[in-house]
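Residues per chain, in single letters:
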Amino acid sequence: MASILNIVSGAPSGALNIALNIADYLGKYYKSEVLLRKYNRAGIDNVIVVKDRFTIDYIWGLCRYLERQRPDLIIVHGYSTHLWTKIAAALKRVPLIHVEHNTEKYTPLRQLLLRWLDRYTNIYICVSQGVAAHLIARGADAKKVKVIYNGVAAEQFQVKKIPHGDCFNIGMTARFSRQKDQLTLIRAVEYLYHDRKLPVRLILQGNGKYKQRCIDYVARQKLQEVVTFATGPIIGLLPQLDLFVLATHCEGLPLVICEAMAAGLPVIASDVPGVAEIIEHGKNGWLVPEGNFKALAEQIEMCYSQSRLPGVHKVAETGSQTVLTQFSIDKMRKSYKEVIDGLLKSSIKPDG
C-alpha cells in the first residue's frame, strides 16, 4: 500500500481543515499520515509535529522523518510551509503535490524559491482559477497546475433558523487579520443604523490580532448595542442570521460563503478573485467592491428592504443549489484521489 504524508501548519485555518479532510479520506485507500509544521495549536489527535524554531530546524527535522518513514508522496498545504517542505523533499527524492489555498503575497526571495523549486514539484493543486493564475504569474509551471475547488458537507449546515424578533441580523465569520476587512462591514452597519435608521445588528465571529482594533472602534463609536463579537464554530452562528457577509481583501476559495449558502442564507461578499468564482452577482448572491462601506451598506439595505419578497429568497435558494452541484465535499475528495492515483501510477519523479 502506498504511503502518503500530508503536511500543513499546525495553526487553526481553512487550509488545515481541508488538509485533514483529504488525509482522512485518503486513509481509506492508502497509508495516510498527517504531519504538522511547528506546533499543534488546533489540538489534532494522531499527528506528527516537526518543530520549526527556525527554518533550517524544520527542514532538517523533516529530512530525518523522511529518511525513517520513506513516504511515496508528500501533499503539502500552505504558504510558506510548501517552500521549506520542498527543499526536504528534493533532498530525499520524494514526489510532491503542492496545494495553494490563497493569493499569497510572495516576497522577492520566496518568489525566487518558488521558481527554483518548481522542478521538484510534480503537481500544483489550486483551490480556484484566481489562485492558479496568481501562482503561475509567480513562476509555477502552468502545465503542472490543476484547479480543484474546496468543498463542504452541505447537509451539515442546513440548520433551523432561530427566531430573533424584528432586528435584521448580519453575520461574518473570519479570523481578524490584515486580509479580512471586518472594519468596512462595521462602518457599513454603523451607517445603516445611524443614518438610515435600520434595525440592523452585526455579529462578528472569530479571533485574531486585529480583533482588538475592531473592538476599540466599536467602543469609540458607541456601537456596543449594535455590534457584538463571538467565537466558536460557524454552525452556531448561522441559525441566528438573516444575512451573511464576507468583507475581505483577498481570498483563495472562502468556504464560509459556501457554508452560509448551504444554510439557505443570502450572501454578500467583496468582489475579489476566489469569491467571484462562487458568487454570480444577482443570481446566487451579491458582489460589492472591496473596502467600500457605502456600496456594502446599499446592498445590505436592499436585502433588508426586500427580505420578505421572492427575489431575495430565490437568490438564497440558488446559492444552496450552487454548493450542492459545484462545491460538494465528495466532489473535492474524488478529484484529489483521481490526481493522486494518476501520479502514483505514473511513477513520475521530480526533475533535477
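What comes next concerns the included structure. (Residues numbered from 1 in each chain as written. Predicted model: local features only at pLDDT ≥ 70, side-chain atom pairs only at ≥ 80, totals over all residues. Heavy atoms only, no water.)

**Some thoughts on the overall build of the protein chain**
Just so we agree on the cut-off: A run of H or I in DSSP counts as a helix once it spans at least four residues, and a run of E counts as a strand once it spans at least two, with each numbered from the N terminus. Just to be clear, the radius of gyration here is over C-alpha atoms, and the globule rule we use is 2.2 Å times residues to the power 0.38. Exposure categories follow from relative accessible area, calculated using a 1.4 Å probe and restricted to protein chains: below 20% of the type maximum is buried, above 50% is exposed, and the middle band is partly exposed. We call two residues in contact when some of their heavy atoms are within 4.5 Å.
Secondary structure assignment for the protein chain yields twelve helices and 13 strands. At 21 Å, the protein chain has a C-alpha radius of gyration in line with the 20 Å of a compact globule built from 352 residues. Taken along its principal axes, the extent of the C-alpha atoms in the protein chain is 65 × 40 × 35 Å. Buried positions account for 55% of the 352 residues belonging to the protein chain. Looking at the protein chain alone, contacts between residues at least 24 apart form 67% of all its contacts between residues at least 6 apart.

**Quick notes on the packing of helix α6 (residues 182-194) against helix α7 (residues 211-220)**
Going by this rule: Angles here are taken between N-to-C directions and fall from 0 to 180 degrees, while the axes themselves are lines fitted to C-alpha atoms, restricted in helices to the stretch in contact. Comment on the angle field: the value is read as roughly parallel under 35 degrees, roughly antiparallel over 145, roughly perpendicular from 65 to 115, and oblique elsewhere. By definition, any crossing whose near helix is turned counterclockwise from its far helix by less than a right angle is left-handed, and any crossing with a clockwise turn is right-handed. The residue classification treats Ala, Val, Leu, Ile, Met, Phe, Trp, Tyr, Cys and Pro as nonpolar and Asp, Glu, Lys and Arg as charged. All others, Gly included, are polar.
Running from amino to carboxyl end, α6 crosses α7 at an angle of 20°, the nearest separation of the two axes being 10 Å. As judged from the angle between their axes, α6 and α7 are roughly parallel. Relative to α7, α6 is oriented so that their crossing is right-handed. Packed against α6, whose contacting residues are Gln182, Leu183, Ile186, Arg187 and Glu190, the element α7 presents Cys214, Tyr217 and Val218 at the interface. Of the residues belonging to the contact of α6 with α7, the class tally is five nonpolar, one polar and two charged.

**Some words on the nonpolar core**
The condition that has to hold: Nonpolar core, defined: a set of buried Ala, Val, Leu, Ile, Met, Phe, Trp, Tyr and Cys residues in which side-chain atoms within 4.5 Å join the residues together.
Residues Ile97, Leu185, Phe244 and Ile300 are the most contacted members of the largest nonpolar core, which totals 115 residues. Sort the elements by how many residues they give to this core and helix α9 (residues 255-262) lands first, with seven residues. Counting residues in hydrophobic clusters, the runner-up holds six residues, among them Val8, Ala19, Ala23 and Leu36.

**As for the packing of α6 against helix α10 (residues 293-305)**
Taken N-terminus to C-terminus, the directions of α6 and α10 make an angle of 60°; their axes are 8 Å apart at the nearest point. Looking at the two axes, α6 sits oblique to α10. Seen along the crossing, α6 lies across α10 with a hand that is right-handed. Residue-level inspection shows Thr184, Leu185, Arg187, Ala188, Tyr191 and Leu192 of α6 in contact with α10, the latter providing Phe293, Lys294, Leu296, Ala297, Ile300 and Glu301. For the contact of α6 with α10, the residue count by class is eight nonpolar, one polar and three charged.

**Observations regarding the sheet that holds strand β6 (residues 123-126)**
To keep things clear, this is the line we draw: Pairing between strands requires that DSSP locate at least two bridges from one strand to the other.
Reading across from one edge, β3-β2-β1-β4-β5-β6-β7 is the order of the seven strands in this open sheet, with parallel pairing throughout. With partners counted over all chains shown, the strands left at the sheet margins are β3 (48-50) and β7 (145-147), one partner each. Across the sheet, the axes of successive neighbouring strands diverge by a mean angle of 25°, strand direction being ignored. Across four bridges, strand β5 (residues 96-100) lies against β6 in parallel orientation. In the sheet register, isoleucine 97 faces β6, and the bridge partner there is isoleucine 123.

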